[in-house]
Amino acid sequence: SDWGRLRIAANLSIDECSAWAWAIVTGEIPASYHNAFNFDWYFAPMLEEQYQKSELFVVRVEHLDNDWQAVDRIVGGDGKTLPGDVMPGGAESKVNVAADMNLPVSNSTLSAFGWRNLCRAMCHEMQIYKMMLKRASNLNEDDVRESIEELREICPQETQEIRRECM
């Protein structure tokens, strides 16, 4: 693929941004700066036979404190230490806060058509996300159902089930 030739710059063309985005969404490349590999890249080893019985913890950003407390208790803590307590500068610390940066985004809205396209592009990734949720030792059925319902608010065609086919 052509992703090896993608340039890194602040003034990328729309086509270059699109190429970066698609390569990241499909897991073809580890992106740089604020991006990383996709869920599939990180979760794939957990599907291998030798890891089938390994414990997996999922910490959902939208439920960070509750998930963190549950994991802390599972590993022997008291569940009272929250993520902000261990961050440099405490919970009020502004570490890597994108909202404080002057990012060159002039349009932060997405049309209904754009959302449908994004949901289609992210379909495989969403199925991996659902697998991770269902496998997580620290989440109960209600937690999993809640997260999938939150996903469905954005991508209504998603279901509680893990789809085998996308697009």
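(A) Expanded view of the pattern of salt bridges. Following the criterion strictly, the structure yields five salt bridges and no others. Between Lys130 and Glu158 there is a salt bridge, with its nearest N and O atoms 2.6 Å apart. You can see Lys130 sitting in helix 6 (residues 123-135) and its partner Glu158 sitting in the segment after helix 7 (141-154), a full 28 residues away along the chain. On the basis of relative accessible area, Lys130 is assigned to the buried category, the value being 0%. In this structure Glu158 comes out as buried when scored by relative accessible area, which is 0%.

(B) View of a nonpolar patch on the surface. A cluster of nonpolar side chains, Leu110, Trp115, Leu118 and Ile154, forms an exposed patch at the surface whose accessible area comes to about 350 Å². By secondary structure assignment, the location of Ile154 is in helix 7.

(C) Highlighting the state of the cysteines. In this structure the tally under the stated criterion is two disulfides. Cys119 shares a disulfide with Cys155; S-S distance 1.9 Å. Taking the sign of the S-S torsion, -85° for the link of Cys119 and Cys155, the bridge is left-handed. Linking Cys119 in helix 5 (residues 112-121) with Cys155 in the segment after helix 7, this pair joins segments that are 36 residues apart in sequence. As far as the burial class goes, Cys119 and Cys155 line up, both buried. One disulfide in the model links Cys123 with Cys166; its S-S distance is 2.0 Å. Given an S-S torsion of about -70°, the disulfide between Cys123 and Cys166 has left-handed geometry. Here the residue Cys123 occupies a position in helix 6, and Cys166 occupies one in the segment after helix 7, the gap between them amounting to 43 residues. Judged by relative accessible area, which is 27%, Cys166 ranks as partly exposed. Here the disulfide map of the protein chain reads 1-3, 2-4, the bonded cysteines being numbered as they appear in the sequence.

Reading the values: the criteria
- Residues numbered from 1 in each chain as written.
- Predicted model: local features only at pLDDT ≥ 70, side-chain atom pairs only at ≥ 80, totals over all residues.
- Heavy atoms only, no water.
- Salt bridge = Lys/Arg side-chain N within 4 Å of Asp/Glu carboxyl O.
- Helix = DSSP H or I, 4+ residues; strand = E, 2+ residues; numbered from the N terminus.
- Buried < 20%, exposed > 50% of the residue type's maximum accessible area, 1.4 Å probe, protein only.
- Patch = residues over 30% accessible without salt bridge, like charges linked within 9 Å, V, L, I, M, F, W, Y side chains within 5 Å.
- Areas by Shrake-Rupley, 256 points an atom, 1.4 Å probe, with all protein chains shown as cover.
- Disulfide = S-S within 2.5 Å.

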